[in-house]
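Secondary and tertiary structure notes
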Amino acid sequence: MLYQHTTNTVSGFGRAPRSMPSIFLNDNSTPEVLEFLEERPAQTAMLSGLVRDNGLRSDFNRGDFYGCRNEHGELEGIALIGHATLFEARSERALYSLANRAQNCTGTHMLMGEQDGVQMFWEFYAGRQAEMRKNCREHLLELRMPVELRNEVPDLRLATPDDLELIVPIHAQMAFEESGANPLESDASGFRQRYLRRIEKQRSWVRIENDNVVFKAEVVSETPHVAYLEGVWVNPDNRSQGQGTDCVLQLSKHLLSHSESVCLFVNEENTSALRFYERMGFRDKDSFDTIFLQPF
């Protein structure tokens, strides 16, 4: 992504780009938004998944969608601005306008985007004196066919509502380890409800033995282009036995029967996880940054 600066001074970047208006997007724009996002399906899987699942206007998005149009009326940038602020911008002026719009949101927990873009977004956005709590670099990994299974896992299955209380503490602990904030302390009821909705939408996969979770993973979004996984977890008592590999490969092969690729993010400091996925055939696709903010 190439940006060029034009007018006005902004933080460490020297000159801010020429501004362009950001507009509130409603569901009438859904086909156009999806077409824009699917030009780069792996990088925009989270955004397109939210739009496909919830539409552009939904409380489930935990924020609002905004867009920027160029002089021809074509979309040049899109952002979900809210609890999690995510964006896809094709120009610096769109990035600048979306960052300015995001300054009006006081409930932002995190910003996430491609490495260069999110650092520039942060410089434009941080004029409102936002305080960074934590910054993570993550690799976007991608797997495509062919996928060869080592061992079948007959008890790998979709989670049911009866599994909720077994899975939620694990997912909350993963969120805490990544962000430093425990959602069961800040929003226990909402966190459970959101995870239950994933189960009801058949997005949570588990392997459970004797009421112990051996493996879990969530399919956050699934499109014809890409299935995006997160929250992949293997019980520490079952690690280094090949069970995690077998579960991930079996789930991935199932997803690849409907999508062209499977993608997920791995923190660059988690070298053991990077090796785990590389051994299965995942390849490095892109680098992203996630910035966690201090609450107001």
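Residue indices follow the written sequence of each chain, beginning from 1 at its first position. Reporting in this predicted model follows two pLDDT cut-offs: at least 70 for local features of residues, and 80 or more for side-chain atom pairs to be given and counted; totals over whole chains, interfaces and linings ignore these cut-offs and use all residues. Here the side-chain values reflect all heavy atoms present in the structure, with hydrogen atoms and water set aside.

Type-normalised accessible area, obtained with a 1.4 Å probe on protein chains alone, sets the label of each residue: buried when under 20%, exposed when over 50%, and partly exposed for intermediate values. Put simply, DSSP H or I for four residues or longer makes a helix, DSSP E for two residues or longer makes a strand, and each gets a number counted from the N terminus. The element strand 8 (residues 204–209) is extensively covered by neighbouring structure, given that five of its six residues are classed as buried. As defined by bridge partners, strand 7 (residues 157–158) adjoins strand 8 across two bridges and the pair is classed as antiparallel. Paired with arginine 157 across the bridge in strand 8 is valine 206. Pairing between strands is defined by DSSP: at least two bridges between the two strands are required. Here six bridges tie strand 8 to strand 9 (residues 212–222), and the two strands are oriented antiparallel to one another. Opposite serine 204, over in strand 9, you have glutamate 218 as the bridge partner. Here strand 8 folds back onto strand 9, and the loop between the two strands holds two residues, one of which, asparagine 210, carries a positive phi near 50°.

Next up on the list: the environment of arginine 40. Tracing the chain through its elements places arginine 40 in the loop between helix 1 (30–37) and helix 2 (45–54). Considering only alpha carbons, one finds arginine 40 and glutamate 88, 48 residues apart in sequence, at a separation of 9.3 Å.

Let us look at the sheet that holds strand 1 (residues 22–24). Strands sit in the order 1-2-3-4-5-12-6-11-10-9-8-7 across an open sheet of twelve strands; the sheet is mixed. Strands with a single pairing partner mark the edges of an open sheet, and in this sheet they are strand 1 and strand 7. On the sheet, helix 1 packs against strand 2 (63–69), strand 3 (75–82) and strand 4 (84–89) and is oriented at approximately 100° with respect to strand 3. Every residue pair with non-hydrogen atoms within 4.5 Å of one another is taken to be in contact. Every axis in this analysis is a line fitted to C-alpha atoms, fitted for helices over the stretch in contact. Angles between the N-to-C directions lie between 0 and 180 degrees. Most of the contacts of helix 9 (residues 271–280) go to strand 11 (residues 261–267), to which it runs at about 160°, and overall it touches strand 6 (132–143), strand 10 (226–234), strand 11 and strand 12 (283–293).

Any two side chains of opposite charge can pair, on the condition that their charged atoms come close. Salt bridges are defined as contacts in which a side-chain nitrogen from Lys or Arg sits within 4 Å of a carboxyl oxygen from Asp or Glu. Applying the stated rule across the entire model yields 21 salt bridges. The shortest N-O distance in the salt bridge between arginine 203 and aspartate 53 comes to 2.9 Å. Here aspartate 53 lies in helix 2 and arginine 203 lies in the loop between helix 7 (188–200) and strand 8, a separation of 150 residues in the sequence. Under the relative-accessibility criterion, arginine 203 is labelled buried at 11%. Judged by its relative accessible area of 25%, aspartate 53 falls in the partly exposed class. Its salt-bridge partner being arginine 192, residue glutamate 165 comes within 3.3 Å of it at the nearest N-O pair.

Turning our eyes to something else, we now look at the environment of glutamate 278. Looking at where glutamate 278 falls in the secondary structure, it is placed in helix 9. Sequence-wise, glutamate 278 and leucine 141 are 137 residues apart; in three dimensions their C-alpha atoms are separated by 8.6 Å.

The phi torsion of most residues other than glycine is negative, and most of the peptide bonds are trans. Proline 146 follows methionine 145 through a cis peptide bond whose omega is 0°. In this fold, proline 146 is placed in the loop between strand 6 and strand 7. Although it is not a glycine, asparagine 210 adopts a positive phi angle of roughly 50°. Summarising the element assignment, asparagine 210 is placed in the loop between strand 8 and strand 9. Take asparagine 210: its relative accessible area is 75%, and that puts it in the exposed class. Phi at serine 240 takes a positive value of approximately 65°, unusual for a residue other than glycine. Within the secondary structure, serine 240 sits in the loop between strand 10 and helix 8 (243–255).

This brings us to the confidence of the model for the protein chain. The predictor attaches a confidence to each residue, called pLDDT, with possible values from 0 through 100. Scored by pLDDT, the protein chain has a mean of 90; 92% of the residues are at 70 or more. Looking over the protein chain, one finds the lowest element-wise mean pLDDT in helix 4 (residues 115–125), namely 88, and the highest in strand 7, namely 98. The model gives residues 1–14 a pLDDT under 50, and that stretch makes 41 contacts with residues more than four places away or in other chains.

Any two cysteine sulfur atoms lying within 2.5 Å of each other are counted as a disulfide. Considering all chains together, one arrives at zero disulfides under this definition. No disulfide involves cysteine 105; its nearest neighbouring cysteine sulfur is the one of cysteine 68, lying 16 Å away. No disulfide involves cysteine 136; its nearest neighbouring cysteine sulfur is the one of cysteine 263, lying 19 Å away.

Two elements in contact, helix 8 and helix 9, have axes separated by 11 Å at closest approach and are oriented at 55°. By the angle between their directions, the pair helix 8 and helix 9 is classed as oblique. Considering only the axes of helix 8 and helix 9, their crossing is right-handed. When helix 8 is examined against helix 9, the residues Gly244, Thr245, Val248 and Leu249 are found in contact with a partner set consisting of Phe276, Tyr277 and Met280. Residues that form the contact of helix 8 with helix 9 fall into these classes: five nonpolar, two polar and no charged. Working definition: roughly parallel below 35 degrees, roughly antiparallel above 145 degrees, roughly perpendicular at 65 to 115 degrees, and oblique for all remaining angles. Each crossing gets its handedness from the near helix: less than a right angle anticlockwise from the far helix is left-handed, clockwise is right-handed. Gly is placed with the polar residues, together with every amino acid not listed as nonpolar (Ala, Val, Leu, Ile, Met, Phe, Trp, Tyr, Cys and Pro) or charged (Asp, Glu, Lys and Arg).

Glancing now at the environment of serine 97. When you line up the elements, serine 97 lands in helix 3 (residues 92–102). For the pair serine 97 and glutamate 222, spaced 125 residues apart in the sequence, the C-alpha separation amounts to 29 Å.

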